[in-house]
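# Observations on the three-dimensional arrangement
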Amino acid sequence: MASSVQPAPETWIAAFNRAADRVRDRLSEVTADADRLAETGTTGEGGDRTLVIDAEAEDLIFAELDALHEQGARFTALSEERGTVDYGSPDVLLVIDPIDGSMNAKRGMPHHAVSIAVAEGPAVATTGTMADVVCGLVADLGPDERWTAIRGAGAWLDGAPIVAAAEERLTSAGKLELVAIESAHPAHVMASGEALLEHVHRLRAVGAIAISLCAVAGGRCDGMASLWRCRAVDAAAGQLIVRESGGHVAFGDLDAPLDSPLDLVAHGPVVAARSAAGLARVAQLPHG
Ligand SMILES: [Mg+2]
């Protein structure tokens, strides 16, 4: 039996990249509309109807986790479909969305991601928050971009350090030039309409919270907001990538921005921006 030395962040991320490769390759095989649209007939622990591709992606990721465990890693896994799985330690928590942007994946729209974060701390599996996340990967399988971050060390896109402006781009009218919205149900868009008009010049609705967060990390968007509550599995990796790129993130409460539990319940909306001033503006967009 292997010694139980916990993986370094680079080791976790390498394993997550291998898992994302497997998911990408499997999805590329599933091209028939009927196959991508198929549902398993069950509902995941996270509450969404489970697609066959979601369940298969999760199986591929857990195969990598099984291998890490075999090599001595001890942790708990929290995943959208399976819920909590005990791999021998409550002090390391992997927060997994096998496919963020399932609707895009099933409809053949490009942006959908594997999102995996690692959180560390005493009993983090039951009491952890976003502040406990130490590293993560968002693998956008549309363009096959790999966004990664290690707490205190930085954020990278395809292995190169992310260099993004410290300030958002404003139009001559003082609005944020480009803002990504998630949970873009028409009712939410309407309810947020006044704030969107006040603060935003142009909207983008990518359809995957993890990928919208990465767009802020890379300076592609000036901010993002989920217009309704979000779950930790969608945002745990992306929020660290934003912060390590020099950006700002909050979950519902600007006074305790990272105090959001790592569980499968929907909590406060996630908002992100390049600057604190930008964050204060996008924080006015959600109504959930
Ligand atoms: Mg998902």
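Treat the numbers as computed from the prediction; the structure is a model and nothing was measured. (Residues numbered from 1 in each chain as written. Predicted model: local features only at pLDDT ≥ 70, side-chain atom pairs only at ≥ 80, totals over all residues.)

With that out of the way, let us pick up the overall build of the chain. Helices and strands together make up the secondary structure of the chain, namely 10 helices and 14 strands. On C-alpha atoms alone, the chain measures out to a radius of gyration of 18 Å, which is about the 19 Å that the 2.2 N^0.38 rule sets for 288 residues. The buried share of the chain, reckoned over its 288 residues, is 50%. At a minimum sequence separation of 6, the contacts of the chain that also span at least 24 residues come to 68%. (Helix = DSSP H or I, 4+ residues; strand = E, 2+ residues; numbered from the N terminus. Rg over C-alpha atoms; globule rule 2.2 N^0.38 Å. Buried ≥ 20, exposed ≤ 12 C-beta atoms within 10 Å, placed from the backbone. Contact = placed C-beta atoms within 7 Å.)

With that settled, the discussion passes to the packing of helix α8 (residues 209-217) against helix α9 (residues 232-244). What describes two packed helices is the angle between their axes and the distance between those same axes. Packing of α8 against α9 leaves a shortest axis separation of 8 Å and a crossing angle of 5 degrees. Compared by their axis directions, α8 and α9 come out roughly parallel. Taken together, the residues of α9 that come into contact with α8 (itself represented by I209, A210, L213, C214, V216 and A217) are D234, A235, A237, G238, Q239, I241 and V242. Its residues assigned to classes, the contact of α8 with α9 shows 10 nonpolar, 2 polar and 1 charged. (Axes fitted to C-alpha atoms, helices over the stretch in contact; angles between N-to-C directions. Parallel < 35°, antiparallel > 145°, perpendicular 65-115°, else oblique. Nonpolar A, V, L, I, M, F, W, Y, C, P; charged D, E, K, R; others polar.)

The next subject is the packing of helix α1 (residues 9-29) against helix α3 (residues 52-70). Here α1 crosses α3 at 150 degrees, and the two axes come no closer than 9 Å. As judged from the angle between their axes, α1 and α3 are roughly antiparallel. Crossing handedness for the pair α1 and α3: right-handed. Contact residues: A15, R18, A19, R22, V23, R26 and L27 in α1; I53, E56, A57, L60, I61, E64 and L68 in α3. When grouped by side-chain class, the residues that make up the contact of α1 with α3 number 9 nonpolar, no polar and 5 charged. (Left-handed = near helix turned anticlockwise from the far one by under 90°.)

Turning to the environment of H111, a few remarks are in order. Within the element layout of this structure, H111 appears in the loop between α4 (102-107) and β5 (113-120). Sequence separation between H111 and S212 is 101 residues, and the spatial gap between their C-alpha atoms is 9.7 Å. Apart from residues lying up to four places away in sequence, H111 is in contact with G101, N104, D140, G142, V206, G207, A208 and I211.

Quick look at unusual backbone geometry now. The backbone of A123 shows a phi angle near 55 degrees, a positive value even though the residue is not glycine. Within the secondary structure layout, A123 lies in the loop between β5 and α5 (124-127). A123 sits in the exposed class, given 11 other C-beta atoms within 10 Å. Of note, D144 is a non-glycine position whose phi angle comes to about 55 degrees, a positive value. Along the polypeptide, D144 turns up in the loop between β6 (133-140) and β7 (145-150).

Looking at the assigned domains, one finds that the chain contains domain 1 (9-161) and domain 2 (176-282). For domain 1 versus domain 2, the distance between C-alpha centres works out to 20 Å. Going through the elements one at a time, β4 (83-100), α4, β5, β6, β7 and β8 (154-157) are the ones with two or more residues in the side of domain 1 that touches domain 2. Looking at side-chain class alone, the side of domain 1 that touches domain 2 contains 19 nonpolar, 11 polar and 6 charged residues. (Domains from an automatic or database assignment.)

Within the open sheet, the 5 strands sit side by side as β11-β10-β12-β14-β13. Their pairing is mixed. Each end of this open sheet is capped by a strand with a single partner; those strands are β11 (200-204) and β13 (248-251). When the angles between neighbouring strand axes are averaged without regard to direction, this sheet yields 20 degrees. The pairing of β13 with strand β14 (residues 270-273) spans 4 bridges and is antiparallel. Counted as the bridge partner of V249 is A272 from β14. Against the sheet, α8 touches β10 (176-182), β12 (223-226) and β14, its axis set at about 160 degrees to β12. (Pairing = 2+ DSSP bridges.)

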